[in-house]
Structures are given as structure tokens and as C-alpha cells.
Amino acid sequence: MDLADCYKKVRQRTEAICEPLQTEDYVVQPVVDVSPPKWHIGHTTWFFETFILKPYFAEYQEFDPNYNYVFNSYYETVGNRVIRTDRGNLSRPTVIDIKRYRKYVDDAMLNFIACGDISDEVKELLILGFNHEEQHQELLLTDIKFILGNNPLFPAYSKDYVSPRSEKTGAPFIKLEEGVYEIGFEGEGFSFDNELNRHKVYLNGFEISPDLVTNAEYLEFINDGGYHDFRHWHAAGWDWVNSNKVEAPMYWHNIDGEWHNYTYHGLEKLDLHEPARHISYYEAYAYASWKGMRLPTEFEWEAAAKQFKWGKCWEWTESAYLPYPGFAKAPGAIGEYNGKFMVGQKVLKGASEVTSPNHSRITYRNFFQPELRWQFTGIRLAK
Ligand SMILES: [Fe+2]
């Protein structure tokens, strides 16, 4: 692996994602979960500066000591930080300042890599930094979608954006026999700590759909009054539907009786063949209940995944986000990467169309709170 080449590629992809933005688009934070694009480009830079340059590159001079406070996301080990809800309230550092910061850190990183003396420990941190930036590339795309898609003008992000087609196979459910299955990452290459350790689980026989639920199918649930029938909802889901007056997936708009949705091209007529997306776990669960089925567990999904196509959207599972047997936190700040979030969240499997290339695998475990839906999240049924 050419580390300098990998570094440049991953950093350039982030910049390419931001290319269509206007300066004002970089700044706003319409809801707490959506960070301003300028924060993402600063934070991913801070990650390399904090975890590689400062501890391992003796000649490195910090760009600005105040940036640690602005761009630290959640690392208690690394000190105090701007509260998350305030990320969009900062007009300084400016977008230009942050681009200068990126350039400064990139130059230093490439000098550091060129020195050649990279230990295995640093190499591991570098690869974590690449994977971290790739995660933020997906967040950039979903946060940009939220920022523009909640603007009353519904501006397009890019007319050049191509959404990969996903064809419904219409094939019958895939059957898996009861038995012991191996779950979790093994082998060479990168994985996050939450994919470890590989372990055995016993699964009862089950069936899983080869297809994602489409917009047309989800519309049947809406038209059948699914959002108004408490029998399909968890108590917390029913409270969420009612207090937020939810009637449809995020980005759907009923205009004069016709469903539209916001895409990267702007507001368009709803494509009925596309998988239903921007669905909360509560909605996924309610839809499955209305169909007389259920969501797969993360273990069922992983055991079956070689037999169906995935990657169009993240798929909610019935599994709580918990440590696997033998899970161990890394020492120091990096130990805060995943482990401390293993409470109150659901696992999502697969990847989405805005997941960075080469950043997905069958053992990947994404996780979000059940009410969130600004990610590309959808439904695969099991029974
Ligand atoms: Fe981060």
C-alpha cells in the first residue's frame, strides 16, 4: 500500500464532495445530528493532526492550538470541545481558514510519510484516519442533503450526481437452515474494533427477502393508514410519530396529491421502483409488522448476505448495538471511537449509495438511534 497515494486520494475525495457547495452551504447546522460541512473538513484534518502529527512527528508545529476546542468531536481524552449543537453557530474559523488548515496538515502529513520511518502502530493509525475520513465523506453527503433538502428552495446539490440503479429481483425469500454461523471480521485488511471478535451464533431457521422494500410497497403502507394504526408501532415509535406528525419518509412531499421527494437533483416525482429510504427504525419495524413479518437480526443478515445484493441503502436490523464477545477497546483516545456508543442504538448492515468506495463489507456494523433517518436507511424483510 502506497500510504502517500492513499492519503492524497482520500483527502481529495472529501474536497470533490464539497466542490458543488457555495460558501454559505458550509456553515449551517439545521439539526443537531447534521454538522456543517466546514466542521467535517476541519474535524477530519484535526484527526490526522491530533492522532498522528502531534504525537509522532517531532518537527510538527501545531497549526492553531485553539482548533482542538473547535474540531474535537467527542474524545474526552483529548479535552474540552464546542458542544455539538454549537457547531453551526461559529462563523470563525472561516471556510478559507479551514481550507488553509487542511493544506497545512496535508503538507505536513506528506512530509511525515515521505520520511519513510512509519512504525506499524502509526501505520494502523493512518489507516484508521483514512477510514475515519471515509465515514465523514458519507456524513458530508447526507448532511449536505439535509441542509439543501430542508431549504424551501430545494436547491440541487449536483445535476451530475448518478444514483446507481437497483432492480428488484422479485425472487422468493431466501431460506437459511437452523445452525451455528460465524459472525464478525476475520482475515487481512482493515476492520473497526466493533466487528471483532469473530464468534459463533446459533440461528433458528429463517427466511430473508432478496429485495429491499420499494417506494411503491411503502406507499401501500401509507395508503392503508399505517401511520395512524398504533398496533404496528412500538410505544416509543408511536410517541415519535405523533409528536413529530410523521406521515411519510424524510424528504417526501405530497404536492397536490402527488408524491415527490428531494434528491441530489432537487425535488422530483417519487420513483416508485427505488427502494424506500430515509426511514427510521420505528418506521421499518412498523412496516414489517403491517406486512406480518419482521426485520432480520444483524446475525441473520450477515449469515445470508452472500446470497443477495446489498449496498443501495443501510438496512435496519432488529439487533441492539452491543459488543461482540471478546470486544476490547484500544488504549487511549482511540478507544473512544466505537465502544462508548454501545447503548440505545440499533445496528444497520450493508452500505448505502453514498458510502465511500471500498468502505463496505459484510461484517461492517453501522449504528444509529431508532428515530434517525437522515442517512440512506431502508428495509429488508425477514420471517
Ligand atoms: Fe469523526
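These figures come from a predicted structure and were not determined experimentally.

### What about the domain arrangement of the protein?
Then comes step 1: As assigned here, the protein comprises domain 1 (3-150) and domain 2 (174-382).
Then comes step 2: In this structure, domain 1 and domain 2 have C-alpha centres spaced 27 Å apart.
Then comes step 3: On the domain 2 side, the residues contacting the 28 residues of domain 1 number 27 residues.
Then comes step 4: Ranking the residues of domain 1 by area buried against domain 2 places Tyr74, Glu138 and Lys145 at the top, with a combined share of 28%.

### Quick word on the pattern of salt bridges
Then comes step 1: Summed over the entire model, instances satisfying the criterion amount to 31 salt bridges.
Then comes step 2: Here Lys54 ties to Glu62 by a salt bridge, and the two come within 2.7 Å at their closest N and O atoms.
Then comes step 3: Glu336 is the partner of Lys340 in a salt bridge, and the nearest nitrogen-oxygen pair spans 2.6 Å.
Then comes step 4: Judged by its relative accessible area of 9%, Glu336 falls in the buried class.
Then comes step 5: Residues joined by salt bridges that share partners form a network here, namely Arg165, Glu167, Asp271, Glu274, Arg277, Lys312 and Glu353.

### Details of the packing of aromatic side chains
Then comes step 1: A complete count under the given rule lists 50 aromatic pairs for this structure.
Then comes step 2: Cation over ring: Lys383 sits above Phe173, and NZ or CZ is 4.5 Å from the ring centre.

### Points about the pairing of strand 5 (residues 252-255)
Then comes step 1: Pairing geometry for strand 5 and strand 6 (residues 258-263), over 4 bridges, is antiparallel. Paired with Trp252 across the two strands is Asn261, which belongs to strand 6.
Then comes step 2: Connecting strand 5 to the next strand, strand 6, in antiparallel fashion are 2 residues, including Asp256 with a positive phi near 50 degrees.

### Re the sheet that holds strand 9 (residues 346-349)
Then comes step 1: Read across the open sheet, the 4 strands follow the order 10-9-8-11; overall the sheet is mixed. A single partner strand is all that each edge strand has here, and the edge strands are strand 10 (366-368) and strand 11 (377-378).
Then comes step 2: Lying on the sheet, helix 8 (residues 281-290) is in contact with strand 8 (314-320) and strand 9; it crosses strand 8 at an angle near 85 degrees.

Cut-offs applied
- Residues numbered from 1 in each chain as written.
- Predicted model: local features only at pLDDT ≥ 70, side-chain atom pairs only at ≥ 80, totals over all residues.
- Heavy atoms only, no water.
- Domains from an automatic or database assignment.
- Contact = heavy atoms within 4.5 Å.
- Buried area = accessible area lost by both parts, 1.4 Å probe.
- Salt bridge = Lys/Arg side-chain N within 4 Å of Asp/Glu carboxyl O.
- Buried < 20%, exposed > 50% of the residue type's maximum accessible area, 1.4 Å probe, protein only.
- Phe/Tyr/Trp six-rings, centres within 6.5 Å; stacked < 30°, edge-to-face > 60°.
- Lys NZ or Arg CZ within 6 Å of the ring centre and 35° of its normal.
- Pairing = 2+ DSSP bridges.
- Helix = DSSP H or I, 4+ residues; strand = E, 2+ residues; numbered from the N terminus.
- Axes fitted to C-alpha atoms, helices over the stretch in contact; angles between N-to-C directions.

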